[in-house]
Amino acid sequence: KEEGLQLLDLWVSPFAQRCRIALAEKGLAYEPLEQDLSNKGDLLLRANPVHKKVPVLLHGGRPVCESLVILQYLDEAFPETPALLPSDPHARAHARFWADYADWKVFECGTRLWKRKAGSELQLQARREMVEALRILEAELGDKPYLAGEAFGFVDLAIVPFAAWFLGYGRLGEFSVEEVCPRLAAWGERCGERESVARSLHPPEKVYEFIGYLKDKYGDK
Ligand SMILES: N[C@@H](CCC(=O)N[C@@H](CSO)C(=O)NCC(=O)O)C(=O)O
């Protein structure tokens, strides 16, 4: 039963977008509660006192924190809905590995890419790491239509929110996404045709504008 599902949300957060895509894939109704991260409200601070980050899922008022934990919780709490994780243990391990990879190698590196001073050694290092990370994802995708294989799966859902950041990463890193990871770029478009993804993500130019805002506000001077 979907007693009170609420998502503490931020429109541009790739982590919150994972949850929106998952809730849409499962046909679960929920109340999105957009948060102001520059002035965090009591609801967020009480729901996620350890990290004070979005997303947080509230299910009957009980908080679930960390986007990948939320995805797996949704599979377990709503077994009657389409599963996100595959059933085979090895396929599950593969999905969890690559979702974790995206967090630690794509998003973390992407943060340094905009935060470090353009042209500084730290930023040049972030550029190199980003190209390498995208090359590794490109190789992992190979000639499969989806990272999960023949059909869209957990690992596609977990990583596709970052595809909206590739344009910005390419501009900040002065590399061409089309050259570094053409198949991954095509994969992002392919996933973006899915209703659950299309309604959860925002255009890359809008994300790039937001990156500019982050850089102005939090970037090294
Ligand atoms: N590992 C977590 C990351 C969430 C996160 O970074 N959320 C950001 C917004 S998106 O970049 C956030 O809430 N930042 C607020 C802050 O750091 O103060 C997850 O997967 O849910």
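Conventions we followed
Note that residues are indexed from 1 along each chain, following the sequence as it is written. Selection of residues for local features in this predicted model requires a pLDDT of at least 70, selection of side-chain atom pairs for listing and counting requires 80 or more, and totals for whole chains, interfaces and linings are taken over all residues. Based on all heavy atoms of the structure, the side-chain values leave hydrogens and waters out of the count. Secondary structure follows DSSP: runs of H or I at least 4 residues long count as helices, runs of E at least 2 residues long count as strands, and numbering of each begins at the N terminus. Any two residues having at least one pair of non-hydrogen atoms within 4.5 Å are treated as being in contact. Definition used for salt bridges: Asp or Glu carboxyl oxygen within 4 Å of a side-chain nitrogen of Lys or Arg. Only protein chains enter the accessibility calculation, which uses a 1.4 Å probe; a residue is then buried when its area is under 20% of its type maximum, exposed when over 50%, and partly exposed in between. Nearness is judged by heavy atoms alone; a residue qualifies as near a molecule or strand once a single heavy atom is within 4 Å of it. Contacts described as polar in this section are N or O atom pairs within 3.5 Å, which, within protein, must combine one atom able to donate a hydrogen with one able to accept it, while residues neighboring in sequence count only if both atoms come from side chains. A cavity, in this analysis, means grid points on a 1 Å lattice covering only the protein atoms where a 1.4 Å probe fits yet has no way out; a pocket is instead an open set bounded by protein on both sides within 12 Å along at least five of seven lines, and a residue lines either one if it has an atom within 4 Å of a point. Pocket occupancy is defined atom-wise: a molecule lies in a cavity or pocket when more than half of its atoms are within 2 Å of its grid points. Residues are grouped as follows: Ala, Val, Leu, Ile, Met, Phe, Trp, Tyr, Cys and Pro are nonpolar; Asp, Glu, Lys and Arg are charged; every other residue, Gly included, is polar. In this analysis, the expected span of each helix is defined as 1.5 Å times one less than the number of residues it contains. The bend at a residue is defined as the angle formed between two axes, one fitted to the seven residues ending at that residue and one fitted to the seven starting there. Per residue, pLDDT captures the predictor's confidence, and it can take any value from 0 to 100. Residues grouped as a nonpolar core are buried Ala, Val, Leu, Ile, Met, Phe, Trp, Tyr and Cys residues, joined through side-chain atoms within 4.5 Å.

Trainee: I'd like a description of the side chain of Ser-67, backed by residues and values.
Mentor: Turning to its location among the elements, Ser-67 is positioned in helix α3 (residues 67-77). Apart from residues lying up to four places away in sequence, Ser-67 is in contact with Phe-15, Arg-18, Cys-19 and Pro-55.

Trainee: Please provide a residue-by-residue account of the pattern of salt bridges, values included.
Mentor: According to the stated counting rule, one finds 13 salt bridges in the structure shown. Residue Glu-25 is joined to Arg-194 by a salt bridge in which the shortest nitrogen-to-oxygen separation is 2.7 Å. Here Glu-25 is found in helix α1 (residues 14-25), whereas its partner Arg-194 is found in the loop between α9 (182-192) and α10 (195-198), with 169 residues between them in sequence. Take Arg-194: its relative accessible area is 33%, and that puts it in the partly exposed class. Across the salt bridge formed by Arg-171 and Glu-205, the nearest N and O atoms sit 2.7 Å from each other. On the criterion of sequence distance, the pair formed by Arg-171 in helix α7 (residues 166-173) and Glu-205 in helix α11 (residues 204-218) is long-range, its members being 34 residues apart. On the basis of relative accessible area, Glu-205 is assigned to the partly exposed category, the value being 43%.

Trainee: Describe the site of the ligand, listing the residues and the values that go with them.
Mentor: Every residue close to the ligand is listed here: Ser-13, Phe-15, Leu-37, Lys-40, Lys-53, Val-54, Pro-55, Glu-66, Ser-67 and Phe-107. The separation between a nitrogen atom of the ligand and a polar main-chain atom of Val-54 is 2.8 Å. Mapping the ligand onto the cavity grids shows that it belongs to the largest pocket. Looking at side-chain class alone, the shell around the ligand contains five nonpolar, two polar and three charged residues.

Trainee: Give a detailed account of helix α4 (residues 89-115), specifying residues and quantitative values.
Mentor: Every α-helix winds through 3.6 residues per turn, so residues three or four apart in the chain are directed the same way. Here α4 contains 27 residues, and its C-alpha end-to-end distance of 38 Å stays within 8% of the 39 Å for a straight helix at 1.5 Å per residue. Remark: the principal bend of α4, roughly 25°, maps to Ala-102. Among all positions of α4, only Ala-95, Trp-98, Ala-99, Tyr-101, Ala-102, Asp-103, Val-106, Cys-109, Gly-110, Arg-112, Leu-113 and Trp-114 are buried. On its buried face, α4 sits against α1, α3, α5 (121-141), α6 (154-163), α7 and α11. The backbone nitrogen of His-90 has a side-chain oxygen 3.1 Å away, supplied by the residue at the start of α4, namely Asp-88.

Trainee: Provide a residue-level description of the confidence of the model for the chain, including the pertinent values.
Mentor: In the predicted model, the chain carries a mean pLDDT of 96, and 99% of its residues have values of at least 70. Two summary scores accompany this predicted model of the complex, namely pTM at 0.96 and ipTM at 0.98.

Trainee: Give a detailed account of α5, specifying residues and quantitative values.
Mentor: Between the first and last C-alpha of α5 there are 30 Å, a value that for 21 residues agrees with the 30 Å anticipated at 1.5 Å per step. Every buried residue of α5 is accounted for by Gln-123, Ala-126, Arg-127, Met-130, Val-131, Ala-133, Leu-134, Leu-137, Glu-138, Glu-140 and Leu-141. Taken together, the buried residues of α5 touch α4, α6, α7, α8 (177-180) and α9. Immediately downstream of α5, the backbone of Gly-142 shows phi near 60°, a positive value.

Trainee: Lay out the nonpolar core with the relevant residues and their values.
Mentor: Ile-159, Trp-165 and Trp-187 are the most contacted members of the largest nonpolar core, which has 73 residues in total. It is α4 that contributes the most residues to this core, nine residues altogether. Setting aside residues no more than four positions away along its own chain, Trp-187 makes contact with Leu-141, Pro-145, Tyr-146, Leu-147, Asp-156, Ile-159, Val-160 and Ala-163.

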